[in-house]
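So you can see what is in the structure, the chains are spelled out below.
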Amino acid sequence: MFIVISYDIADDKRRNKVAKTLENYGTRVQYSVFECIMEKDRLLKLREELKKIIDETQDSIRFYFLCETCLKRIDITGTGEITKDLEFYII
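A quick note: this is a predicted structure, and the numbers were derived from the prediction, not measured.

Peer 1: Which residues make up the packing of aromatic side chains, and what values go with them?
Peer 2: For the structure shown, the criterion picks out 1 aromatic pair. Taking NZ or CZ as reference, Arg28 lies 5.2 Å from the ring centre of Tyr31, over its face. One Lys or Arg, Arg47, reaches over the ring of Phe63 and ends 4.1 Å from the middle of that ring.

Peer 1: Could you give me a rundown of the pairing of strand S1 (residues 2-8), with the residues and numbers involved?
Peer 2: Counting buried residues in S1 gives 6 out of 7 residues, a clear majority hidden from the surface. For S1 and strand S4 (residues 60-66), the ladder comprises 7 bridges, and the chain directions are antiparallel. Bridge pairing in S4 links Ile3 to Phe65.

Peer 1: So what's going on with the pairing of strand S3 (residues 33-37)? Which residues, and what values?
Peer 2: Counting buried residues in S3 gives 4 out of 5 residues, a clear majority hidden from the surface. The sheet contact formed by S1 and S3 spans 5 bridges and is antiparallel. Bridging from a neighbouring strand, Phe2 pairs with Ile37 of S3. Direction of pairing for strand S2 (residues 27-30) relative to S3: antiparallel, over a ladder of 3 bridges. Bridged to Arg28 within S3 is Phe34. Between the antiparallel neighbours S2 and S3 lie 2 residues.

Cut-offs used in this document
Residues numbered from 1 in each chain as written. Predicted model: local features only at pLDDT ≥ 70, side-chain atom pairs only at ≥ 80, totals over all residues. Heavy atoms only, no water. Phe/Tyr/Trp six-rings, centres within 6.5 Å; stacked < 30°, edge-to-face > 60°. Lys NZ or Arg CZ within 6 Å of the ring centre and 35° of its normal. Buried < 20%, exposed > 50% of the residue type's maximum accessible area, 1.4 Å probe, protein only. Helix = DSSP H or I, 4+ residues; strand = E, 2+ residues; numbered from the N terminus. Pairing = 2+ DSSP bridges.

Here's what the structure looks like:
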């Protein structure tokens, strides 16, 4: 599934930890926005990791799930491209 994750974290230290964690799961497309392609089990693991970092009374993380039709409607003005699933082969 294709997920856009954005965050607003009040504390610098927590914000940096959230960013580092998200770098392990997706592509940073803006300062506080990541695009991720992952299966449900990996998403659950990510959510668990993020929950341990943030303060739910001060911080916000949003997960936007995009369907195939929605992906075709993404329009980028300026630099950048839509994150694509990496193709690799294990031999």
